[in-house]
Amino acid sequence: MSHVEDELTSQPECWTRVAADAAGHGGALPAPGERVAIVGCGTSYFMAQAAAALREGAGQGETDAFAASEFPHGRSYDRVLALTRSGTTTEVLDVLDRLKGRTRTTAVTADPDTPVMSAADDVVVLDYADERSVVQTRFATTALTLLRAHLGLHTDAVVADARTALSQPLPEGLVDCTQFTFLGRGWTVGLANEAGLKMREASLSWTEAYPAMEYRHGPISITTQGTATWMLGRAPEGLADQVRATGGLWVDGGLDPLAELVRAQRLAVAVAAARGLDPDQPRHLTRSVILTP
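What counts, and where the lines are drawn
- Residues numbered from 1 in each chain as written.
- Predicted model: local features only at pLDDT ≥ 70, side-chain atom pairs only at ≥ 80, totals over all residues.
- Heavy atoms only, no water.
- Helix = DSSP H or I, 4+ residues; strand = E, 2+ residues; numbered from the N terminus.
- Polar contact = N/O pair within 3.5 Å; in protein donor to acceptor, adjacent residues only side chain to side chain.
- Contact = heavy atoms within 4.5 Å.
- Expected span 1.5 Å × (residues − 1).
- Buried < 20%, exposed > 50% of the residue type's maximum accessible area, 1.4 Å probe, protein only.
- Axes fitted to C-alpha atoms, helices over the stretch in contact; angles between N-to-C directions.
- Parallel < 35°, antiparallel > 145°, perpendicular 65-115°, else oblique.
- Left-handed = near helix turned anticlockwise from the far one by under 90°.
- Nonpolar A, V, L, I, M, F, W, Y, C, P; charged D, E, K, R; others polar.
- Salt bridge = Lys/Arg side-chain N within 4 Å of Asp/Glu carboxyl O.
- Pairing = 2+ DSSP bridges.
- Right-handed = clockwise from strand over helix to strand, strands pointing away.

Asker: Quick question: what am I supposed to make of the side chain of Gln265 here?
Answerer: Examined against the element boundaries, Gln265 turns out to sit in helix H10 (residues 257-274). A polar contact is formed between the side chain of Gln265 and the side chain of Gln11, at a distance of 2.8 Å. In this structure Gln265 touches Leu8, Gln11, Thr137, Thr141 and Lys198, once residues within four positions along its chain are discounted.

Asker: Is there a simple way to explain helix H8 (residues 188-203) in this structure?
Answerer: The α-helix winds at 3.6 residues per turn, so residues separated by three or four positions along the chain end up facing the same way. Taking 1.5 Å per residue, 16 residues should reach 22 Å; H8 reaches 22 Å between its end C-alpha atoms and fits that length. With 15 of 16 residues buried, H8 lies mostly within the body of the structure.

Asker: Teacher, can you tell me more about the packing of helix H3 (residues 43-57) against helix H6 (residues 138-150) here?
Answerer: Helix-helix packing is described using two parameters, namely the angle between the two axes and the distance between the axes. As a packed pair, H3 and H6 sit with axes 10 Å apart at the nearest point and diverge in direction by 15°. By the angle between their axes, H3 is roughly parallel relative to H6. Regarding H3 and H6, the two cross each other, and that crossing is right-handed. When H3 is examined against H6, the residues Thr43, Met47, Ala50, Ala51 and Leu54 are found in contact with a partner set consisting of Ala140, Leu144, Leu147 and Arg148. Here the residues of the contact of H3 with H6 sort into 7 nonpolar, 1 polar and 1 charged.

Asker: Explanation requested: the pattern of salt bridges in the structure shown.
Answerer: Pairing of side chains with opposite charge becomes possible as their charged atoms draw close. Counted by the stated rule, this structure contains 12 salt bridges. In this structure, Arg263 and Glu260 form a salt bridge, with 3.0 Å as the shortest nitrogen-oxygen distance. Of this pair, Arg263 and Glu260 both sit in helix H10, 3 residues apart, which is roughly one turn of the helix. Taking relative accessible area as the criterion, Arg263 reaches 9% and is therefore assigned buried. One network of salt bridges, in which partners are shared, links Glu34, Arg79, Arg104 and Asp122.

Asker: Can you walk me through the side chain of Thr227 in this structure?
Answerer: Within the element layout of this structure, Thr227 appears in strand E8 (residues 227-232). For Thr227, the side chain forms a polar contact with the main-chain oxygen of Thr224, separated by 2.8 Å. The contact partners of Thr227, leaving out residues within four places of it in the chain, are Cys177, Gln179, Ile222, Gly248 and Leu249.

Asker: For this particular structure, what's the right way to read the sheet that holds strand E9 (residues 249-252)?
Answerer: Strand pairing in a sheet relies on backbone hydrogen bonds, with the paired strands running either antiparallel or parallel. If you trace the 4 strands from one edge of the open sheet to the other, you get E7-E6-E8-E9, paired in parallel fashion. Taken across any chain shown, the strands that pair with only one partner, and hence form the sheet edges, are strand E7 (206-211) and E9. Shown here is a sheet whose adjacent strand axes are inclined to one another by a mean of 20°, direction ignored. In this sheet, E8 lies alongside strand E6 (residues 179-184) in parallel orientation, the contact comprising 6 bridges. Bridging from a neighbouring strand, Leu183 pairs with Met231 of E8. Contacts from H10 reach E6, E8 and E9, with the element oriented near 155° to E8.

Asker: Mind showing me how you'd approach the pairing of E6 here?
Answerer: Taken residue by residue, a regular strand's side chains alternate between the two faces of the sheet. Of all 6 residues in E6, 6 are buried, a share of seventy percent or more. A two-sided burial pattern is seen for E6, the buried positions comprising Gln179, Thr181 and Leu183 on one face and Phe180, Phe182 and Gly184 on the other. In terms of strand pairing, E6 meets E7 through 6 bridges, oriented parallel. Within E7, the position partnered with Leu183 by the bridge is Tyr210. Tracing the backbone out of E6, into H8 and back to the parallel element E7 gives a crossover that is right-handed.

Structural measurements only, silent on function.
Right, dumping it as structure tokens:
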């Protein structure tokens with residue numbers, strides 16, 4: 001079993017643990033009414049997109065998400081929350097360094113022996129969700145579960161759906177598809193972006209991701225026999241029939257959207273295996289991007 005496959009199967013246990021611990025981390029996480037920015041790189045950026053939409057949708061306060069390299073230092077925030085599995089990513093550390101003494105910062109990380117521990121004002125360490133793999137799975141979803149629980153949006157049903165996502169077979173014919181499109185709405189747009197990234201990283205697949213309503217505005221033109229369109233969350237009315245009419249495979253995400261992401265992670269590993277690829281050795285990638293001065 002690959003590292004990434006072993007790690008993705010442990011997600012229900014990680015989510016259960018972090019949800020139970022969430023109240024104890026409350027002082028380090030954004031308070032209701034704070035104006036917040038969430039930053040990250042790669043997978044962590046897409047989790048930031050999902051978390052920002054969830055928080056603002058829950059009426060907790062204006063919340064933005066940025067790739068760390070694109071953080072707008074001219075804007076004012078009450079708190080900046082950084083998601084960083086490694087705690088060493090150059091762009092994230094640069095943001096935290098520039099904000100020190102000006103804006104309250106929090107980091108959620110997996111490694112307590114890294115520079116982020118002193119770079120942020122508050123730190124939440126999820127070391128039990130750390131990973132050996134380059135391709136992120138359980139740390140990202142555990143960090144998002146922490147934020148969902150902090151907002152009161154996590155339930156035991158989410159964990160049950162994750163177990164279902166791990167036990168049920170993938171839709172017939174899905175692994176054989178040549179192109180994959182992931183769609184989301186609201187907070188699940190970030191999850192769709194992440195599902196596409198997992199497929200690219202682990203299996204070198206041609207993937208795209210869009211807000212669901214945008215799919216009709218051009219992207220559906222590539223949908224045909226041998227392609228798959230996967231909806232994370234509730235689909236807009238009529239879209240499933242429209243995709244099926246093209247000859248493409250429609251995948252209806254009936255589980256909690258975070259559990260659907262687990263299914264997409266499984267697909268990435270399955271496609272990699274079918275193509276003779278090692279998902280633990282993604283092409284051109286390292287576990288953390290550390291830039292030399």
